[in-house]
There are 2 protein chains.
Amino acid sequence: MRAITQHAFGAPDVLEVADVAKPAPLPSEVLVRVHAASINRVDTYVRSGALPLLGEPPFILGWDISGVVEEVVPGVTRFDIGDEVFGMPFFPRAGSAFAEYVAVPSRQLARKPANLSHVEAASIPLAGLTARQSLIDTAHITEGDRVLIHAGAGGVGHFAIQIAKAAGAHVITTAGAAKHDFVKSLGADEVIDYHTTDCTGHLRDLDVVLDTVGGYGDAAIATLKPGGRFITIVERTDLDLAHRVTAAGRRFAGVTVEPDYAGLERLAALAADGALRPHIQQTFPLEEAAKAHELVESGRTVGKIVLTMSN
Amino acid sequence: MRAITQHAFGAPDVLEVADVAKPAPLPSEVLVRVHAASINRVDTYVRSGALPLLGEPPFILGWDISGVVEEVVPGVTRFDIGDEVFGMPFFPRAGSAFAEYVAVPSRQLARKPANLSHVEAASIPLAGLTARQSLIDTAHITEGDRVLIHAGAGGVGHFAIQIAKAAGAHVITTAGAAKHDFVKSLGADEVIDYHTTDCTGHLRDLDVVLDTVGGYGDAAIATLKPGGRFITIVERTDLDLAHRVTAAGRRFAGVTVEPDYAGLERLAALAADGALRPHIQQTFPLEEAAKAHELVESGRTVGKIVLTMSN
């Protein structure tokens, strides 16, 4: 099968199309024919070597897939051949998504909502679960909470806005002026231009701040109410920041996403209800993975970038 | 750290105590100091080479653990240092349980119920999830269903009886005469001595038959009502049997267990309520893993066999 591999850490041009062995599903697994695979920022860090989650190259990058079950190992009862599924298999222990086939434990997959395309479904797992595990599982947001989401137009941010709204929160988000209409269309109640100096300095009494960018922890101390929760998906290991936040009487949590079929089923239900709409900025054929990586690294994306397979 | 390894497939005496590197948890993982690790029949098949899930030796066997969180990688928010947890990490892709420490994704663990010891909790994941994924997720048993569970005194069977009873089913089970009091104490409504020829031949109109032994598929056809469900955790790949069952108007499903933190949380809740009580036949210190394997292979166990760590 065709897959994207790399034989060295480096710039996007290390990514190459290769012919590799089709994976063989083990007991408890299904073989998925991948129709679409989305790209996340973490992929670019693994590719470059900044975050060597997969060890030394060669390896296959990527985690987010949507596709069709082509083979079911006897013993798996959650899916049948032909079922449309999506998921984030093996994160962070092994990549595999940028390929024509992936072998996946059945409980790392959920059914693709019928009202989403494979491209849309593939955009959800890593970014959507990051938002859900941050806001629901960690911050435990509830109806009426005042929630600030940094970079609401980004991959994680645009899911976070919709998840927070579905939970009944009052959502404030930051975005460049050109993206204000977009984040409002997702349900944001207030939008702040992050180009303005000290853009959130006037906010007070927030219940939750979700930082998807990095660098907003100290600003969050003054804007959160006492006991309020600062969640970062970036500075997870910054113990000094954690100390400053907690010393000020606010709570600190760094969040790393992980596979979560139950969470994925909740996201699928939200999408089926129309409450979670993925935004796809652009798709690229698998062969143009390097171009797609360049775009993701530009930081100028709105929503998600997705690779498609010609099968 | 100490761990049980093997350098060749073979009889229980291939198991040896070795000093191996302590695992390093990745992002999304915690390091668990293992207090107890239970043995399952599948372990003996992997050890002997009959089911080479882990490839060629050397490897560390085992999946079921209960222990204490000793290290939390920043980014994990489900657990804190000192939390008592249990789970079945990495089944079936990698072993790791028969060791002093295991690095585990946080969503492959659940909190140990306070009313269970580590030995009891370690006995639950693989056998308990097998029973739950068979009866609840696959057979979808509901209140009033008539359910036959073969070998109700075994590792999977004794959990299956309790899970079926908690779901409101009428439970019929097979067991040797010496074990009748035991399976009745778990809630079985009817007990049949499996030593009797054609022991279940008189049964009719069953909703579900769960075969934890193998060989009861054809007998199930007559005892199940039309549309009834035959679930086997043994002959998953027997397509001829599947055909005979479905040709007779009954449904067939083979079940392979897989990691399932949401299911594990349900089992923990049942145990906390007193509705799921693990039965431990015997414990062995880690160093006596070979003796423990011999006992499991004898087939004469009631409930579970558990290894304990002297830490």
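Predicted, not measured: the structure shown is a model, and the values here were computed from it.

> Even after reading the chapter, I still don't get the overall build of chain A, so can you show me in this structure?
Scanning chain A for helices and strands turns up nine helices and 16 strands. Computed over C-alpha atoms, the radius of gyration of chain A comes to 19 Å, within 12% of the 19 Å expected from 2.2 N^0.38 for 311 residues, which places it in the range of a compact globule. Considering only C-alpha atoms, chain A reaches an extent of 55 × 40 × 35 Å along its principal axes. Partitioning the contacts of chain A with sequence separation of at least 6, the portion at a separation of at least 24 is 65%.

> Which parts of the structure should I look at to understand the domain arrangement of chain A?
Accessible area lost on assembly of the parts is the figure often given for the size of an interface. Residue and element names in this part refer to chain A. Once the domains are mapped, chain A shows domain 1 (2-124 + 278-308) and domain 2 (127-254). A C-alpha centroid distance of 28 Å is found between domain 1 and domain 2. Taken together, the eight residues of domain 1 in the interface contact eight residues of domain 2. When grouped by side-chain class, the residues that make up the side of domain 1 that touches domain 2 number three nonpolar, four polar and one charged.

> Would you mind showing me how to read the environment of Leu186(B) here?
Residues and elements named next belong to chain B. Residue placement: Leu186 occurs in the loop between α5 (180-185) and β11 (190-192). Classification of Leu186 by C-beta neighbours within 10 Å gives buried; the count is 22. A C-alpha to C-alpha distance of 9.2 Å links Leu186 and Ala153, two positions 33 residues apart in sequence. When neighbours within four sequence positions are excluded, Leu186 is seen to be in contact with His158, Ile161 and Gln162.

> Quick question: what am I supposed to make of the relation of the copies chain A and chain B here?
Overlaying chain A with chain B gives an RMSD of 0.0 Å, the required rotation being 180 degrees about an axis along which the chain moves by 0.0 Å. Both chain copies can therefore be described as sitting about a two-fold axis. Relative to the rotation axis, the closest C-alpha in chain A is found at Ala262(A), a distance of 3.4 Å. When the interface residues of chain A are mapped onto chain B, 100% of them again lie at the interface, so the same face is used by both copies.

> Please clarify how the interface of chain A and chain B should be interpreted in this entry.
Listed per partner, the contact involves 25 residues of chain A and 25 residues of chain B. Of all the secondary-structure elements, those providing two or more residues to the side of chain A that touches chain B are α3 (125-138) and β14 (251-254) of chain A. Across the side of chain A that touches chain B, the residue classes break down as 11 nonpolar, eight polar and six charged.

> Got a minute to help me understand the sheet that holds strand β2 (residues 16-19) of chain B in this structure?
Backbone-to-backbone hydrogen bonds pair the strands of a sheet. The strands run either parallel or antiparallel. Residues and elements named next belong to chain B. The three strands lie next to each other as β2-β1-β4, forming an open sheet whose pairing is antiparallel. For this open sheet the edge positions go to β2 and β4 (59-60), each flanked by a neighbour on one side alone. Where strand β1 (residues 2-6) and β4 come together, two bridges link them in antiparallel fashion. Within the sheet, the bridge partner assigned to Thr5 lies in β4 and is Ile60.

> In this structure, what is going on with the packing of helix α1 (residues 41-48) of chain B against helix α9 (residues 289-298) of chain B? I would like to understand it.
Packed helices, taken two at a time, are described by the angle their axes make and the gap between the axes. Residue and element names in this part refer to chain B. α9 packs onto α1 with a crossing angle of 110 degrees between their chain directions and a minimal axis gap of 9 Å. By the angle between their directions, the pair α1 and α9 is classed as roughly perpendicular. The interaxial crossing formed by α1 with α9 has left-handed handedness. Contacts from Arg41, Thr44 and Arg47 in α1 reach His293, Val296 and Glu297 in α9. A class-by-class count of the residues in the contact of α1 with α9 yields one nonpolar, two polar and three charged.

> Would you take a moment to explain the environment of Leu116(A) for this structure?
Residues and elements named next belong to chain A. Topologically, Leu116 is positioned in the loop between β8 (109-111) and α2 (118-122). Residues Leu116 and Pro278 lie 162 residues apart in sequence; the distance between their C-alpha atoms is 8.7 Å. Those residues in contact with Leu116, other than ones at most four positions away along the chain, are Ala121 and Ala271.

> I tried to follow helix α3 (residues 125-138) of chain B on my own but got confused; where do I start?
Because an α-helix completes one turn every 3.6 residues, residues spaced three or four positions apart along the sequence face the same direction. All names here are of chain B. Maximal helix bending in α3 amounts to about 25 degrees, located at Arg132. Of all 14 residues in α3, 12 are buried, a share of seventy percent or more. Within α3, the full set of buried residues consists of Pro125, Leu126, Ala127, Gly128, Leu129, Thr130, Ala131, Arg132, Gln133, Ser134, Leu135 and Thr138. Positioned one or two residues after α3, His140 has a phi angle of 50 degrees, which is positive.

> Honestly, unusual backbone geometry in this entry has me stumped. Any pointers?
The phi angle of most residues is negative, glycine excepted, and most peptide bonds adopt the trans form. Here the amide bond leading from Pro57(A) into Pro58(A) is cis, since omega sits at 5 degrees, within 30 degrees of zero. On the secondary structure map, Pro58(A) appears in the loop between α1 (41-48) and β4 (59-60). Omega for the peptide link from Phe91(B) to Pro92(B) comes to -5 degrees, which places this bond in the cis form. Following the sequence through the fold, Pro92(B) ends up in the loop between β6 (84-87) and β7 (101-105).

> For this particular structure, what's the right way to read the sheet that holds strand β11 (residues 190-192) of chain A?
Residues and elements named next belong to chain A. Read across the sheet, six strands follow the order β11-β10-β9-β12-β13-β14 without closing on themselves; strand pairing throughout is parallel. Here the strands that pair on one side only, and so sit at the sheet edges, are β11 and β14. Direction aside, the axes of adjacent strands within the sheet are offset by 15 degrees on average. Of the strand pairs in this sheet, strand β9 (residues 146-149) and strand β10 (residues 170-174) are connected by four bridges, and their pairing is parallel. In the strand pairing of β10, Val147 is matched with Val171.

> Can you walk me through the confidence of the model for chain A in this structure?
Low-confidence regions, as indicated by low pLDDT, have predicted coordinates that should not be scrutinised in detail. Considering every residue of chain A, the mean pLDDT works out to 95; 99% of them sit at 70 or more. This complex was scored by the predictor with a pTM of 0.92 and an ipTM of 0.87.

> Explain α1(B) here, please?
All names here are of chain B. What α1 keeps buried is the set Val42, Asp43, Val46 and Arg47. Buried positions in α1, seen along its axis, are confined to an arc of 140 degrees and lie on one side of it. In the core, the buried residues of α1 are packed alongside β1, β3 (29-39) and α9. Once α1 ends, the next one or two residues include Gly49, with phi positive near 100 degrees.

> Got a minute to help me understand the pairing of strand β12 (residues 206-211) of chain B in this structure?
On a regular strand, one side chain projects to one face of the sheet and the next to the other, so that they alternate. All names here are of chain B. Taking burial as the measure, the six residues of β12 include six buried ones, the bulk of the element. Inspection of the sheet shows β12 paired to strand β13 (residues 224-232) by five bridges, in the parallel sense. Counterpart to Leu206 in the pairing with β13 is Leu224. Read from β12 through helix α6 (residues 217-223) to β13, the crossover connection turns out right-handed.

Thresholds, definitions, all that
- Residues numbered from 1 in each chain as written.
- Chains lettered and ligands numbered in written order.
- Predicted model: local features only at pLDDT ≥ 70, side-chain atom pairs only at ≥ 80, totals over all residues.
- Helix = DSSP H or I, 4+ residues; strand = E, 2+ residues; numbered from the N terminus.
- Rg over C-alpha atoms; globule rule 2.2 N^0.38 Å.
- Contact = placed C-beta atoms within 7 Å.
- Domains from an automatic or database assignment.
- Nonpolar A, V, L, I, M, F, W, Y, C, P; charged D, E, K, R; others polar.
- Buried ≥ 20, exposed ≤ 12 C-beta atoms within 10 Å, placed from the backbone.
- Least-squares fit on C-alpha atoms with pLDDT ≥ 70 in both.
- Pairing = 2+ DSSP bridges.
- Axes fitted to C-alpha atoms, helices over the stretch in contact; angles between N-to-C directions.
- Parallel < 35°, antiparallel > 145°, perpendicular 65-115°, else oblique.
- Left-handed = near helix turned anticlockwise from the far one by under 90°.
- Bend = angle between axes of the 7 residues up to and from the residue.
- pLDDT = per-residue confidence, 0-100.
- Arc of directions from axis to C-beta.
- Right-handed = clockwise from strand over helix to strand, strands pointing away.

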